[in-house]
Number of protein chains: 2
Amino acid sequence: MITQDQDTLSQKWEVLLSQAGYRITRPRRAILDIVAESSRPLTPLEIYDKVREDNPGVGLVTIYRTIEKLEELHLVSHVHHLGECQTVFRCPDSHQHLLICTKCGSSRYFDGLEVEEQFNQIGEKLGYQVTGHWLQLAGLCEACRGKQQSKG
Amino acid sequence: MITQDQDTLSQKWEVLLSQAGYRITRPRRAILDIVAESSRPLTPLEIYDKVREDNPGVGLVTIYRTIEKLEELHLVSHVHHLGECQTVFRCPDSHQHLLICTKCGSSRYFDGLEVEEQFNQIGEKLGYQVTGHWLQLAGLCEACRGKQQSKG
DNA sequence: TCCTTATTGATATTGAATGTCAATATCAAC
DNA sequence: GTTGATATTGACATTCAATATCAATAAGGA
């Protein structure tokens, strides 16, 4: 079982996978690196392409299986972006919400929104017991906004 | 151009499609009926099956093309439900949010949530210009909650 | 180092989503 | 009511992401 230093997120993930009884392999490590360090949500195919830049042999199936495990351990979650459903992004430690740039995809988590009580009240009014919510903000990041304005 | 009485939602949709220059056909009418009257989001294949109960000849392509047009006119939108991305549900007149039962899928729109200002503030703090948001609540409807409790 | 077994990647398969196109049906114009 | 331009249809073919299979391989505890 791996118990080394945990400098980067992908190293943390290695430890957690290992602790969960999963083996750390070369392809798996490459996938962790890509996904953990990405500043934006990635599709399985994007991950596949990036991984194969340095590890040509890795198969697409391995990508899917690794995502599966990361999801199982709540290290990544599926994100809704540009009509994609399978897009994957790292999870925050606590329950937070995502803000995605509609242009480049660069994403940030945020919290401090006090809406849960409002959600419960809405549920009551409609006869539903609210068990979860899904909130994502879309916008333009600083960089993409700059580019857009520079044209005028 | 169709200008008849608008009793049901599907009839309203017929008028709008017609006004947009699209023709009203038998398959299309059947699809409108199913989608407009559904109390829960449906996948293209679910629509396909339901339509074919009464109209055996209708092809799957027609389903997709009709959904396309309904979406273009903002009469339906894609909904995130049970991992599905293509699931389709009617839109409310104004901008509202959706509350879906995680068990049976029955769905209700709601409004009266004053969060836009908060969203903008969060965006500012992170350097994003917030252009949209996506909020969905998940829960258990009255009926499904009843079933679950009756077991204990 | 050994050995169990999780993991891998090549291969095949599935099935939703999309493209093509001749036949058909709609509906405005007459 | 009839006509005709053309939007629409469904059969068919195709694409390609996602999944299943399985022998070969490699991880990592003993």
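Here the residue index of a chain counts from 1 through its sequence in written order. Here the convention is simple: chains get letters from A, ligands get numbers from 1, in the order in which they are written. Under the rules for a predicted model, residues below a pLDDT of 70 receive no local features and side-chain atom pairs below 80 are neither given nor counted, while totals for whole chains, interfaces and linings still include all residues. To obtain the side-chain values, all non-hydrogen atoms of the structure were used and water was disregarded.

Q: So what's going on with the relation of the copies chain A and chain B? Which residues, and what values?
A: To line up the copies, we fit them by least squares on C-alpha atoms, keeping just the residues with pLDDT of at least 70 in both. Mapping chain A onto chain B calls for a rotation angle of 180 degrees and an axial translation of 0.0 Å; the resulting RMSD is 0.1 Å. With respect to symmetry, the two chain copies, as superposed, fit the operation of a two-fold axis. Considering only C-alpha atoms, the residue of chain A closest to the rotation axis is Leu 135 of chain A, which sits at 2.2 Å. Only heavy atoms enter the contact rule, under which two residues are in contact if any of them lie within 4.5 Å. Mapped onto chain B, 100% of the interface residues of chain A again fall at the interface, so both copies present the same surface.

Q: Pulling in residues and values, what's your account of the domain arrangement of chain A?
A: All names here are of chain A. The domains assigned to chain A are domain 1 (1–91) and domain 2 (94–152). Computed over C-alpha atoms only, the centres of domain 1 and domain 2 are separated by 24 Å. At the interface, 12 residues of domain 1 touch 11 residues of domain 2. Between domain 1 and domain 2 lies a buried interface of about 760 Å² when both sides are counted; carbon and sulfur atoms form 59% of it. Under the rule applied, a polar contact is a pair of N or O atoms within 3.5 Å (in protein, one hydrogen donor and one hydrogen acceptor; residues adjacent in sequence only if both atoms are side-chain atoms). Linking domain 1 with domain 2 are three residue pairs in polar contact (both at pLDDT 80 or more). Of all the secondary-structure elements, those providing two or more residues to the side of domain 1 that touches domain 2 are β1 (76–78) and β2 (88–90). Basically, the charged four are Asp, Glu, Lys and Arg, the nonpolar ten are Ala, Val, Leu, Ile, Met, Phe, Trp, Tyr, Cys and Pro, and anything else, Gly included, counts as polar. Classifying every residue of the side of domain 1 that touches domain 2 gives five nonpolar, five polar and two charged. Start and end positions for the domains come from either an automated domain assignment or a database one. By convention, the term buried area covers the 1.4 Å-probe accessible surface removed from two parts as they join, with the contributions of both added. Under the DSSP-based scheme used, a helix requires at least four consecutive residues in state H or I and a strand at least two consecutive residues in state E, with every element numbered from the N terminus.

Q: Explain the environment of Tyr 48 of chain A to me, and be specific about the residues and the numbers.
A: All names here are of chain A. For Tyr 48, the location among the structural elements is in helix α3 (residues 44–54). For Tyr 48, a relative accessible area of 19% puts it in the buried group. Between the alpha carbons of Tyr 48 and Cys 101 there is a distance of 22 Å; along the sequence they are 53 residues apart. With residues near it in sequence (within four places) discarded, Tyr 48 still touches Val 58, Gly 59, Leu 60 and Ile 63. Between buried and exposed lies partly exposed: a residue is buried under 20% and exposed over 50% of the maximum accessible area for its type, with that area taken using a 1.4 Å probe on protein chains only.

Q: Quick rundown of the interface of chain A and chain B? Include the residues and the values.
A: On the side of chain B, 38 residues touch chain A, which itself brings 38 residues to the contact. Summed over both sides, the interface of chain A with chain B buries roughly 3,200 Å², with 66% coming from carbon and sulfur. If you sort the residues of chain A by the area they bury against chain B, Leu 126, Tyr 128 and Trp 134 of chain A come out on top, with a joint share of 22%. Whenever Lys or Arg places a side-chain nitrogen within 4 Å of a carboxyl oxygen from Asp or Glu, that contact is recorded as a salt bridge. For the interface between chain A and chain B, the tally reads zero salt bridges. One can count 14 residue pairs in polar contact (both at pLDDT 80 or more) joining chain A with chain B. It is strand β5 (residues 129–140) of chain A that contributes the most residues to the side of chain A that touches chain B, 12 residues altogether. Along the lines of polarity and charge, the residues of the side of chain A that touches chain B split into 19 nonpolar, 14 polar and five charged. The pairing of β5 of chain A with strand β5 (residues 129–140) of chain B spans 11 bridges and is classified as antiparallel. The residue of β5 of chain B that forms the bridge with His 133 of chain A is Leu 137 of chain B. Two strands make a pair as long as DSSP finds a minimum of two bridges between them.

Q: Lay out the state of the cysteines with the relevant residues and their values.
A: Disulfides are defined as pairs of cysteine sulfur atoms found within 2.5 Å of each other. Per the counting criterion, the structure on display carries zero disulfides over all chains. Of the cysteine sulfurs around Cys 91 of chain B, a residue in no disulfide, the closest is that of Cys 85 of chain B, at 15 Å.

Q: So what about helix α5 (residues 116–126) of chain B? Which residues, and what values?
A: For α5 of chain B, every residue scored as buried is listed here: Phe 119, Ile 122, Gly 123 and Leu 126 of chain B. Angular distribution of buried residues about the axis of α5 of chain B spans 100 degrees; they occupy a single face of the element. Facing away from the buried side of α5 of chain B, by more than 90 degrees, are the exposed residues Glu 124 and Lys 125 of chain B. Contacts from the buried residues of α5 of chain B go to β3 (97–101), β4 (107–110) and β5 of chain A together with β5 of chain B. Phi turns positive one or two residues past the end of α5 of chain B, at Gly 127 of chain B, with a value near 85 degrees. Picture the helix axis, draw a direction to every C-beta atom, and the arc is the one those directions span.

Q: Pulling in residues and values, what's your account of the environment of Lys 103 of chain A?
A: Position of Lys 103 of chain A among the secondary structure elements: in the loop between β3 and β4. Through-space distance from the C-alpha of Lys 103 of chain A to that of Gly 132 of chain A is 28 Å; in sequence the pair is 29 residues apart.

Q: Just give me the short version of the pattern of salt bridges, but keep the residues and values in it.
A: A pair can form between side chains of opposite charge whenever their charged atoms are brought close. Residue and element names in this part refer to chain A. On inspection of all chains with the given rule, the structure shows four salt bridges over all chains. Close ionic contact of Arg 29 with Glu 14 constitutes a salt bridge, the shortest N to O distance being 2.9 Å. With Arg 29 in helix α2 (residues 26–37) and Glu 14 in helix α1 (residues 9–19), the pair connects residues that are 15 residues apart, well separated along the chain.

Q: Please give an account of the packing of aromatic side chains that cites residues and values.
A: We call Phe, Tyr and Trp rings a pair once their centres come within 6.5 Å, taking the six-membered ring for Trp, and we label the pair stacked below 30 degrees between planes, edge-to-face above 60, and tilted otherwise. Throughout the structure, instances matching the rule amount to three aromatic pairs over all chains. Note on Phe 89 of chain A and Tyr 109 of chain A: the rings are 5.8 Å apart at their centroids and 20 degrees apart in plane angle, and the pair reads as stacked. Here Phe 89 of chain A is found in strand β2, whereas its partner Tyr 109 of chain A is found in strand β4, with 20 residues between them in sequence. Owing to a relative accessible area of 18%, Tyr 109 of chain A belongs among the buried residues under this scheme. Ring geometry for Trp 134 of chain A against Trp 134 of chain B: centres 5.1 Å apart, planes inclined by 55 degrees, an arrangement best described as tilted. Remark: Trp 134 of chain B occurs in strand β5 and Trp 134 of chain A occurs in strand β5; the pair is interchain, linking two chains. Placement of a positive charge over a ring is assigned whenever Lys NZ or Arg CZ falls within 6 Å of the ring centre and within 35 degrees of the normal to the ring plane. Taking NZ or CZ as reference, Lys 69 of chain A lies 5.2 Å from the ring centre of Tyr 22 of chain A, over its face.

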